[in-house]
Amino acid sequence: MKDALPGIDSGDTAWMIVATVLVLLMTLPGLALLYAGMVRVKNTLSVLMQCFAIAALVSVLWVLNGYSLAFDTTGVFIGGFGKAFMKGVTVDSLVATIPESVFAMFQLTFAIITPALTVGAFAERMKFAALIAFTTLWFTFVYAPMAHMVWSGPGALMWDWGILDFAGGTVVHVNAGIAGLTAALVIGRRHGYPEAVIPPHNVPFALVGAALLWVGWFGFNAGSALAANGTAGMAILVTQVATAAAALAWMICEWVAHRKPSALGVATGAIAGLVAITPASGTAGPAGALLIGVTAGALCFLAATRLKRLLGYDDSLDVFGVHAIGGIVGAIMTGITAGALGGVGLAEGVTIGAQVWIQVKSVLFTVAWSGIGTFLILKLVGATVGLRVSREQEVEGLDLALHDERAYNL
């Protein structure tokens, strides 16, 4: 039998393969079921189809140029084409102590879920052709540069700033949340919103999807250690703690505001906690995770209910309220919890105040990058294939109008 490659760690590799599968589980079927349960019955298959199509499309784009643009080490804002078509990714190439193929596949699962998250903001009204065009351009010109700037190493913009973003608070959640809000504003409200009541058609679907996200998130956060080590172990613990705290905080807020806590509410609160702990999962301790979770649960509740109603935007499934707000809360509080409350500590000579400023600056840059980039891409797609289905198609439902299928044939 052939000996293991020099430098490879079989334990780290085994864990990273498991973590990769867990993160893919977050999109298929986790996010797909969550979104399918939250829309009206006539649009169930459309959001399932969108999540499946994005997973397939981004996987191909990742091989063509995505991995290279994100992780080729040249460039301040974006990588080059040195790894296009996975050039140099062989059975012998390594990243840290794992095969580069496993690292590339792990990062691909992040690239899949990020544009898939945006679907919830404009659910029930975007053309399928527009979604494919939008995803292709957004992945290439918004997501890949963000991943490069934060994670690719020395010479990349936010890496050199000293950002702490262990598993994607800015790259994934703020990025997707701002893109979702921008799309919701550009495309416009669903017909009848907000006057008509638009309840979720299948809350059990949504709860199963949320539960799969919770489980898969351990791969998302602990896998970002790229090893089976103490950092991965602490990431699992703080992820659980923050998620539980946020679920309870949302439940209590809803109980006080509406006199009745809801199943969908506690599930949404849990997702808010998962989002918020993501950037801090490699640096926070359990006490810091509690603080992040409670803060995110309460603030995301206010954003998804009060702020959304006050401003009147139609973020169908609260992508902005949960992912952007939760990601911003977590990214900024990472600067606090890394240096206090049992965190791992900050770089030598860096104060908590200085780190918080780095986090704030990075969040502001992400908001601008994602918002402007998404707006320009939407305008381009709108001018070519068009963004929105017709009123008749929207009333009929996207399942029949775009895919000629029904979720249930009763």
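Residues numbered from 1 in each chain as written. Predicted model: local features only at pLDDT ≥ 70, side-chain atom pairs only at ≥ 80, totals over all residues. Heavy atoms only, no water.

Caption draft 1: Quick peek at helix 4 (residues 128-151). The largest bend in helix 4 comes to about 45 degrees, at phenylalanine 139. Within helix 4, 17 of the 24 residues are buried, which leaves the element mostly enclosed by the surrounding structure. Backbone geometry just downstream of helix 4 places glycine 153 in the positive-phi region, at approximately 115 degrees. (Bend = angle between axes of the 7 residues up to and from the residue. Helix = DSSP H or I, 4+ residues; strand = E, 2+ residues; numbered from the N terminus. Buried < 20%, exposed > 50% of the residue type's maximum accessible area, 1.4 Å probe, protein only.)

Caption draft 2: The arrangement of the layout of surface pockets in detail. Space inside the largest pocket adds up to approximately 880 Å³. Lining the largest pocket are 27 residues; nearest its centre among them are Ile198, Ala304, Thr305, Lys308 and Asp318. Mapped by element, the contributors of at least two residues to the lining of the largest pocket are helix 8 (230-258), helix 9 (263-277) and helix 10 (286-311). The leading source of residues in the lining of the largest pocket is helix 10, at 5 residues. Along the lines of polarity and charge, the residues of the lining of the largest pocket split into 14 nonpolar, 7 polar and 6 charged. Roughly 500 Å³ of volume is contained in the second largest pocket. In terms of lining, the second largest pocket is formed by 19 residues, of which the most central are Trp151, Trp159, Asp165, Phe166 and Ser224. Contributing elements (two or more residues each) for the lining of the second largest pocket: helix 3 (100-118) and helix 4. Take the lining of the second largest pocket: its biggest share by element is 3 residues, from helix 3. Classifying every residue of the lining of the second largest pocket gives 12 nonpolar, 6 polar and 1 charged. (1 Å grid on protein atoms, 1.4 Å probe; cavity = no way out; pocket = protein on both sides within 12 Å on 5 of 7 lines; lining within 4 Å. Points joined across faces, edges and corners; volume = space filled by probe spheres on them. Nonpolar A, V, L, I, M, F, W, Y, C, P; charged D, E, K, R; others polar.)

Caption draft 3: Region of interest: the environment of proline 286. If you trace the backbone, proline 286 turns up in helix 10. Taking C-alpha positions, proline 286 is 41 Å from isoleucine 187, a pair spaced 99 residues apart along the chain. Leave out the neighbours within four places in its chain, and proline 286 touches Met234, Leu237, Val238 and Val241. (Contact = heavy atoms within 4.5 Å.)

Caption draft 4: Summary view of the side chain of arginine 125. Checked against the element boundaries, arginine 125 lands in the loop between helix 3 and helix 4. With a relative accessible area of 0%, arginine 125 lands in the buried category. At a separation of 2.7 Å, a polar atom in the side chain of arginine 125 contacts the main-chain carbonyl oxygen of glycine 188. Setting aside residues no more than four positions away along its own chain, arginine 125 makes contact with Ala184, Ile187, Gly188, Arg189, Arg190, Asp314, Ser316, Leu387, Arg388, Val389, Glu394 and Leu398. (Polar contact = N/O pair within 3.5 Å; in protein donor to acceptor, adjacent residues only side chain to side chain.)

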